[in-house]
Amino acid sequence: MAAENPVEILQEEATCPVCLDYFREPVTLECGHNFCRACISHSWEGSDTDEAAQEYKDKIQVYLKILRKEREKLLGFKVTGEKKSQECLKWTETKRQKIMSEFQQLQQFLQERERLLLAQLEKLDKEILKIRNDNVTKLSEEISRVSKLISELEGKCQKPASEFLQDVRSTLSRCEKGKLQQPVAISPELEKGLRDFSQKTVGLMETVRKFKDTLLSALDTKRGEYLASFTQANVTLDPGTAHPQLILSADGKSVSWADTRQDLPDNPERFDTAYCVLGCEGFTLGRHCWEVEVGDGLYWAVGVARESVRRKGWISHYPEEGIWAVLRWWGQFQALTSPLTPLPWSQVPSRIRVCLDCDRGQVTFFDAGDQALIFTFPPGSVPGERIRPWLWVWGSLLRLCP
C-alpha cells in the first residue's frame, strides 16, 4: 500500500468541502468538521429558508382546502339564489298576470253594467222626448185653434148688432168646447221609471264607495297602520292670508264667515276676493296630517294649496290653480277636480282628516270618524314646492283639530 502524500493530506485538510478553496475564517463544528465561516452560514440560511417555506406551504395548503370548500359553497349559493330568484320572478309574473286578468274582468263587468245603465237612460231620454214632442204638437195645434177663435171673436165683436147675433150661440158653444186641457208633462210610468233609476244610481254610488274603501283597506292591510305613518301636524291659520270677511279665533284654530268686510291691510299675501285662508305651516318633505271639524256647515272646502297660489282676484279652486280640496256646496259633496268629481256620500262627514304625502306628491282625505276613504288625488298630483293647509268658508264655521 502506497504511503499518503503529506502535502496532499495538508491541502485536503486546509480545503473547505463547500467552496473547495482554502479556508477563509475557518470554523470547526461540534461534529469536528471544518468550514469557511461564510460557507457554513450560507448553508444554514438556505436550510432555514427551506424549512420556513415548507411550513408556510403546509399552512397555505390548509387554507386552500378551506377556500376551495368555501368556493364550492358560494357557487352552490349562487346557483340556489339564481334558482330562487327565477322562482320569485315566475311567481311575481304569475301574480301580475292574475292581477291584470282580475282587473280586466272587473273592467269588463263594470263596462257592461255601464252600458246597461246608459241604455236605460237612453230609453228614458226617448220617452221624455216623445212626451215632449207630443206635447209640443198638441200645444201648437191648440194654440193655432185658439188663435183662430180669438181672431173670429174679435172680428165678430166689430160687426153690427144684427149681424153679431147671428150664430152667436154656435160661436159660444165652440168656445165652451174649446177649453184648454193641460197636457201631461210626464206620464206616471215615466215618473216611476225615473224614480227607480234614481234609486239605482244612489245604490250604485254607495256600493262603489264601499268597494273603493274595501279595496284600499285590503291593499293597505291595515288602515290604522297607513294613517299612523303620517305625522300629526299642529296647524294654525295665518291671519295675514285671510280674506277680510273671514273671522279667525285668537288661537288661530277656527274660522268663520261674516257678511261685513273688516278693515285689514291689503298685503300681498291676503286673499282679496276668494273667501280663503292658509295655514301658517308649510310642508316640503315627509308625511303630515291634520283634521278639520266642518260640523253641519253647508258651504265650505278643505284641502291644501301651493304657497305660490294666486291671492288677488277670482281664482278657480282646482289643481290647475294650485289647490287640491274637497267641497261641500249645499247638498253636493265633491272633489275639486276639473271637471268636478261627485263623491258618493249619503251623509257628509262632520270631521275630515287631510293626509299630505310630500314625497309622493299625493293628498288623501278620510272621514276622521270611521277612517273611511273620501278621495285621493293620485301620486304626482301635488308639486314639489312648499304646500300649506287651505280652507274656503262661506256661511260656515271650520275648526282645526286638535
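Details of the structure are given in the entry above.
Predicted model only: the values in this text are computed from it and were never measured.

Undergrad: What exactly am I supposed to notice about the overall build of the protein chain here?
TA: For the protein chain, the helix and strand inventory stands at six helices and 16 strands. Taken over the C-alpha trace, the protein chain has a radius of gyration of 49 Å; the compact-globule value for 402 residues is 21 Å, which it surpasses by more than 25%. Its C-alpha atoms give the protein chain principal-axis dimensions of about 205 × 60 × 35 Å. In the protein chain, of all internal contacts separated by at least 6 residues, the share reaching a separation of at least 24 is 62%. Accessible surface, the protein chain as shown: approximately 27000 Å² in total, 57% of it carbon and sulfur.

Undergrad: I would appreciate a short explanation of the sheet that holds strand β6 (residues 276-278) in the present structure.
TA: The strands making up a sheet associate through backbone hydrogen bonding, with each pair oriented either parallel or antiparallel. With respect to topology, six strands assemble into an open sheet ordered β6-β15-β8-β9-β10-β11, the strand pairing being antiparallel. Two strands close off the open sheet at either side, each with one partner strand: β6 and β11 (341-342).

Undergrad: When you look at the pattern of salt bridges in this model, what are you seeing that I'm missing?
TA: Should the charged atoms of two oppositely charged side chains come close, the side chains can pair. Per the counting criterion, the structure on display carries 15 salt bridges. Across the pair Arg37 and Glu25 runs a salt bridge, and its minimum N-O distance is 3.6 Å. Of this pair, Arg37 sits in helix α2 (residues 37-157) while Glu25 sits in the loop between α1 (6-13) and β1 (26-28), and the two are twelve residues apart along the sequence. Relative accessible area serves as the criterion here: at 58%, Glu25 is assigned to the exposed category. Its salt-bridge partner being Lys98, residue Glu102 comes within 3.1 Å of it at the nearest N-O pair. Of the two residues, Glu102 and Lys98 both sit in helix α2, four residues apart, roughly one turn of that helix.

Undergrad: What's the story with the nonpolar core in this structure? I'm lost.
TA: Grouped together as the largest cluster of nonpolar side chains are 37 residues, with contacts concentrated most on Trp290, Phe333, Val363, Ile374 and Leu398. Excluding residues that lie within four positions of it along the chain, Phe333 makes contacts with Trp300, Val326, Leu327, Arg328, Thr341, Pro342, Leu343, Trp345, Val348, Pro349, Ile352 and Ile374. Residues Cys276, Ala305, Ile323 and Trp392 belong to the second largest nonpolar core, which totals 15 residues.

Cut-offs and rules
By convention here, each chain's residues receive numbers from 1 onward along its written sequence. In view of the model being predicted, local features appear only for residues whose pLDDT reaches at least 70, and side-chain atom pairs are presented and counted only at 80 or more, with totals across whole chains, interfaces and linings using the full set of residues. As a rule here, side-chain values cover all heavy atoms of the structure and leave hydrogens and water aside. For the purposes of this entry, the term helix denotes a DSSP run of H or I that reaches at least four residues, the term strand denotes a run of E that reaches at least two, and both are numbered from the N terminus. Put simply, the radius of gyration uses C-alpha atoms, and a globule should come to 2.2 Å times the residue count raised to 0.38. Should any heavy atoms of two residues lie within 4.5 Å, those residues are considered in contact. Throughout, the Shrake-Rupley method with a 1.4 Å probe supplies accessible areas, and for residues the shown protein chains are the sole cover considered. We treat two strands as partners when DSSP finds at least two bridges between them. Any carboxyl oxygen of Asp or Glu that lies within 4 Å of a side-chain nitrogen of Lys or Arg is treated as forming a salt bridge with it. Only protein chains enter the calculation, and the probe is 1.4 Å; a residue is then buried if its accessible area is under 20% of its type maximum, exposed if over 50%, and partly exposed in between. Here the nonpolar core consists of buried residues drawn from Ala, Val, Leu, Ile, Met, Phe, Trp, Tyr and Cys, with membership extended through side-chain atoms lying within 4.5 Å.

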